[in-house]
Amino acid sequence: MNRLTTVVLAAALSCAGVLVVGPAASAYAASGCQYKVLWPTAGVYENPNPNSVVVKTKHAGDIVGASTCEGASYNEYGYVLVATDAAADGRGWMRAEAVVQI
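Residues numbered from 1 in each chain as written. Predicted model: local features only at pLDDT ≥ 70, side-chain atom pairs only at ≥ 80, totals over all residues. Heavy atoms only, no water.

A.B. asks: Just to check I follow, could you spell out the overall build of the protein chain for this structure?
C.D. replies: A tally of helices and strands in the protein chain yields 1 helix and 9 strands. Here the protein chain holds 102 residues, and 35% of them are scored as buried. Nonlocal contacts in the protein chain, meaning residues at least 24 apart in sequence, comprise 59% of its contacts between residues at least 6 apart. Roughly 6000 Å² of accessible area belongs to the protein chain as shown, and the carbon and sulfur atoms make up 58% of that amount. (Helix = DSSP H or I, 4+ residues; strand = E, 2+ residues; numbered from the N terminus. Buried < 20%, exposed > 50% of the residue type's maximum accessible area, 1.4 Å probe, protein only. Contact = heavy atoms within 4.5 Å. Areas by Shrake-Rupley, 256 points an atom, 1.4 Å probe, with all protein chains shown as cover.)

A.B. asks: Can you walk me through the state of the cysteines in this structure?
C.D. replies: Put plainly, a disulfide is one covalent bond tying together the sulfur atoms of two cysteines. Inspection of every chain in the model, using the stated rule, returns 1 disulfide. Between C33 and C69 runs a disulfide, and the two sulfur atoms are separated by 1.6 Å. Measuring handedness by torsion sign, the sulfur bridge of C33 and C69 sits at about 105° and is right-handed. Residue C33 is located in strand β2 (residues 33–37), and its partner C69 is located in the loop between β5 (63–66) and β6 (70–74); the two are separated by 36 residues in the primary sequence. Relative accessible area serves as the criterion here: at 6%, C69 is assigned to the buried category. (Disulfide = S-S within 2.5 Å.)

A.B. asks: Please explain a nonpolar patch on the surface as it appears in this structure.
C.D. replies: Among the surface-exposed residues, L38, W39, I63, V100 and I102 lie close enough to one another that they form a single nonpolar patch of about 450 Å² accessible area. One can find L38 in the loop between β2 and β3 (41–45). (Patch = residues over 30% accessible without salt bridge, like charges linked within 9 Å, V, L, I, M, F, W, Y side chains within 5 Å. Salt bridge = Lys/Arg side-chain N within 4 Å of Asp/Glu carboxyl O.)

A.B. asks: Honestly, the packing of aromatic side chains in this entry has me stumped. Any pointers?
C.D. replies: Each aromatic ring pair is characterised by the separation of its centres together with the angle its planes make. Overall, the coordinates contain 1 aromatic pair when judged by the stated rule. A ring pair is formed by Y45 and Y79, whose centres lie 5.9 Å apart and whose planes are at 85°; its orientation type is edge-to-face. Of this pair, Y45 sits in strand β3 while Y79 sits in strand β7 (residues 77–83), and the two are 34 residues apart along the sequence. Classification of Y45 as buried rests on a relative accessible area of 15%. A residue is classified by how much of its surface remains accessible, and Y79, at 2% relative accessible area, is buried. (Phe/Tyr/Trp six-rings, centres within 6.5 Å; stacked < 30°, edge-to-face > 60°.)

A.B. asks: What am I meant to see in the environment of V44 here?
C.D. replies: Note on placement: V44 falls in strand β3. When near neighbours in sequence (up to four residues on either side) are disregarded, V44 contacts V53, V54, V55, K56, K58, V82, T84, G92, W93 and M94.

A.B. asks: What should I look at first to understand the confidence of the model for the protein chain in this one?
C.D. replies: Close reading of the predicted structure is inappropriate where its pLDDT is low. Averaged over all residues, the pLDDT of the protein chain is 80; the fraction at 70 or higher stands at 71%. Predicted confidence in the protein chain is weakest over helix α1 (residues 2–15), with a mean pLDDT of 42, and strongest over β3, with 98. Overall, residues 1–30 carries pLDDT values under 50, and its contacts beyond four positions in sequence, including any with other chains, amount to 34 contacts. (pLDDT = per-residue confidence, 0-100.)

Structure below.
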């Protein structure tokens, strides 16, 4: 019941334009998450927000990831956490649709 409440609350806040950050669907992988870039070019954002600064660009076939499986949403956009030296805190965000988990 607690998980269902959390999911419903997250969906409601997401629809309201509120940033929701939490574990991605497969957050229980011990070694973190790795993704393969699908789009011809995909931005790595400073924050999980479409208006955020793009700190790096990745290309189709590139492998990206982080030591944790964290996801976020902003309005209708979903994001996954990736590690990058280009972000101020070492944490970048990519559109979830631009990558596939491997």
